Amino acid sequence: MLIGYEARDTGLFWKILSGSFVIIAVVFSFPGAFAFNLDLSSHVTYNGPPNSFFGFSVAGYIDNSNKSLVLIGAPQDTDTLEGPDYKGGSVYICDADAPNNCQKAKFSDKPKFPNQNLTQQWLGATLTSSGSRGIVVVCAPRYWIKNNEYSSPTGFCYYTPNKGQLNFSEFYNPCIPTTIKDTSHVGLGFSQAGFSAAIAKDSGRFYVGAVGTYSWKGNIL
């Protein structure tokens, strides 16, 4: 990608060229502009498994030992322990100071509902952290269960119950259908909970976006 600018009588024209696409923005109110680049001298690079969507989500974190970490979601990642066809996703915990020093996060508990599908759940598609010594929320919005005639993409999230510790021992699934009506899009059946997530400033609670609740009106849980 090339970034440049040129001065004209009508103002400052920024041009961003990438492949065959050209985007031109006109800025009239500023006499000049400053470019911002990523830190190229001390950057750290992480490489994930091919076709895993490694880097789909990223969050920073500092644990109780003052260790700086980078959390990286890979929602199409495979896992041999789950079977050859599993592409349910993973989260990688990486050292912020060392390239390619990453380990898969371990999830000590999993949903245990009849006729569930973890294979395309997209674990790690949504990943958010409250930062220093806080909590982390990781979601799988495409998780679904089969209930009666419907396959209900309810979605769910993991969270770390102890601040400053990356212990994914709890999961949050508020949209499990309890009635036949709930299994369809009219109720909670198509919620896709975890499509988005946010954590309160005090890390005391978190919020989950569920875009498909109640005939796709959506809700925040």
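Heads up: the structure comes first, above all this text.
Residues numbered from 1 in each chain as written. Predicted model: local features only at pLDDT ≥ 70, side-chain atom pairs only at ≥ 80, totals over all residues. Heavy atoms only, no water.

**Some words on the pattern of salt bridges**
Side-chain pairing between opposite charges can occur once the charged atoms of the two side chains come close. Defined as follows: Should a side-chain nitrogen of Lys or Arg be within 4 Å of a carboxyl oxygen of Asp or Glu, the pair is scored as a salt bridge. Here a strand is any run of E in DSSP of at least two residues, a helix any run of H or I of at least four, and the numbering for each starts at the N terminus. Relative accessibility under 20% of the residue-type maximum defines a buried residue, over 50% an exposed one, and the middle range a partly exposed one, all with a 1.4 Å probe and only protein chains included.
One pass over the full model with this rule turns up two salt bridges. In this structure, the salt-bridge partner of aspartate 95 is lysine 67, at a minimum N-O distance of 3.0 Å. Of this pair, aspartate 95 sits in strand 6 (residues 90-95) while lysine 67 is found in the loop between strand 4 (57-62) and strand 5 (68-74), placing the two residues 28 residues apart along the sequence. Close ionic contact of lysine 104 with aspartate 77 constitutes a salt bridge, the shortest N to O distance being 3.4 Å. Here aspartate 77 lies in the loop between strand 5 and strand 6 and lysine 104 lies in strand 7 (residues 102-104), a separation of 27 residues in the sequence. On the basis of relative accessibility, which here comes to 2%, the residue aspartate 77 falls in the buried class.

**Comments concerning the environment of phenylalanine 168**
Applicable threshold: Contact definition: two residues touch when any of their heavy atoms are within 4.5 Å.
Relative to the assigned elements, phenylalanine 168 resides in the loop between strand 13 (156-159) and strand 14 (170-172). With 62 residues separating them in the primary sequence, phenylalanine 168 and lysine 106 have C-alpha atoms 6.8 Å apart. Phenylalanine 168 has contacts with Ala105, Lys106, Phe107, Ser108, Asp109, Val136, Val138, Tyr158, Tyr159 and Thr160, leaving out every residue within four places of it along the chain.

**Considerations on the packing of aromatic side chains**
Operational definition: Here is the rule: rings of Phe, Tyr and Trp (six-membered ring for Trp) pair when centre to centre is within 6.5 Å. Planes less than 30 degrees apart are stacked, more than 60 are edge-to-face, and the remainder are tilted.
Counted according to the given criterion, the structure contains 12 aromatic pairs. Summarising the aromatic geometry, the rings of phenylalanine 54 and tyrosine 92 are spaced 5.5 Å apart at their centres and angled 70° between planes, so their arrangement reads as edge-to-face. Pair noted here: phenylalanine 54 is in the loop between strand 3 (21-27) and strand 4 and tyrosine 92 is in strand 6, with a separation of 38 residues, a long-range link. For tyrosine 92, a relative accessible area of 11% corresponds to the buried category. Taking 5.2 Å as the distance between ring centres and 45° as the angle between the ring planes, the aromatic pair formed by tyrosine 159 and phenylalanine 206 counts as tilted. Of this pair, tyrosine 159 sits in strand 13 while phenylalanine 206 sits in strand 16 (residues 206-210); the two residues are 47 residues apart in sequence, bridging distant segments of the chain. Among the residues examined, tyrosine 159 registers a relative accessible area of 23% and is labelled partly exposed. Relative accessible area serves as the criterion here: at 16%, phenylalanine 206 is assigned to the buried category. Taken together, the ring pairs connect Phe107, Tyr143, Phe156, Tyr158, Phe168 and Phe171 into an aromatic cluster.

**A short note on the sheet that holds strand 10 (residues 136-140)**
Let me state the cut-off plainly: Strands are treated as partners if at least two bridges between them are detected by DSSP. Only the stretch in contact is used when fitting a helix axis, every axis being a line fitted to C-alpha atoms; angles between N-to-C directions are given from 0 to 180 degrees.
Sheet architecture is open: four strands sit in the order 9-10-13-14, paired in antiparallel fashion. Of all the strands in the sheet, the pair left with one neighbour each is strand 9 (126-129) and strand 14. Averaged over all pairs of adjacent strands, the angle between their axes in this sheet comes to 20°, without regard to strand direction. With four bridges connecting them, strand 10 and strand 13 associate as antiparallel partners. If you follow valine 138 over to strand 13, its bridge partner there is tyrosine 158.

**Section: the pairing of strand 16**
Burial of strand 16 is extensive: four of the five residues sit out of reach of the surface. Of the pairings in the sheet, the one linking strand 15 (residues 193-199) to strand 16 comprises five bridges and is antiparallel in character. Pairing of alanine 197 across the sheet is with valine 208, part of strand 16. Counted between consecutive antiparallel strands, the loop separating strand 15 from strand 16 contains six residues, among which serine 203 sits at a positive phi close to 60°. Sheet analysis places strand 16 next to strand 17 (residues 219-220), joined by two bridges and oriented antiparallel. The residue of strand 17 that forms the bridge with glycine 209 is isoleucine 220.

**Let's talk about the state of the cysteines**
Heads up, the condition is: Two cysteine sulfurs form a disulfide in these notes if their separation is within 2.5 Å.
Inspection of the entire model under this criterion finds two disulfides. Between the sulfur atoms of cysteine 139 and its disulfide partner cysteine 157 the distance amounts to 2.0 Å. Its S-S torsion of approximately 100° makes the covalent link between cysteine 139 and cysteine 157 right-handed. With a gap of 18 residues between them, cysteine 139 in strand 10 and cysteine 157 in strand 13 connect regions that are remote in the sequence. Across the protein chain, the way the bonded cysteines pair up, counted in sequence order, is 1-2, 3-4.

Read these as layout, nothing more, since geometry by itself doesn't imply function.
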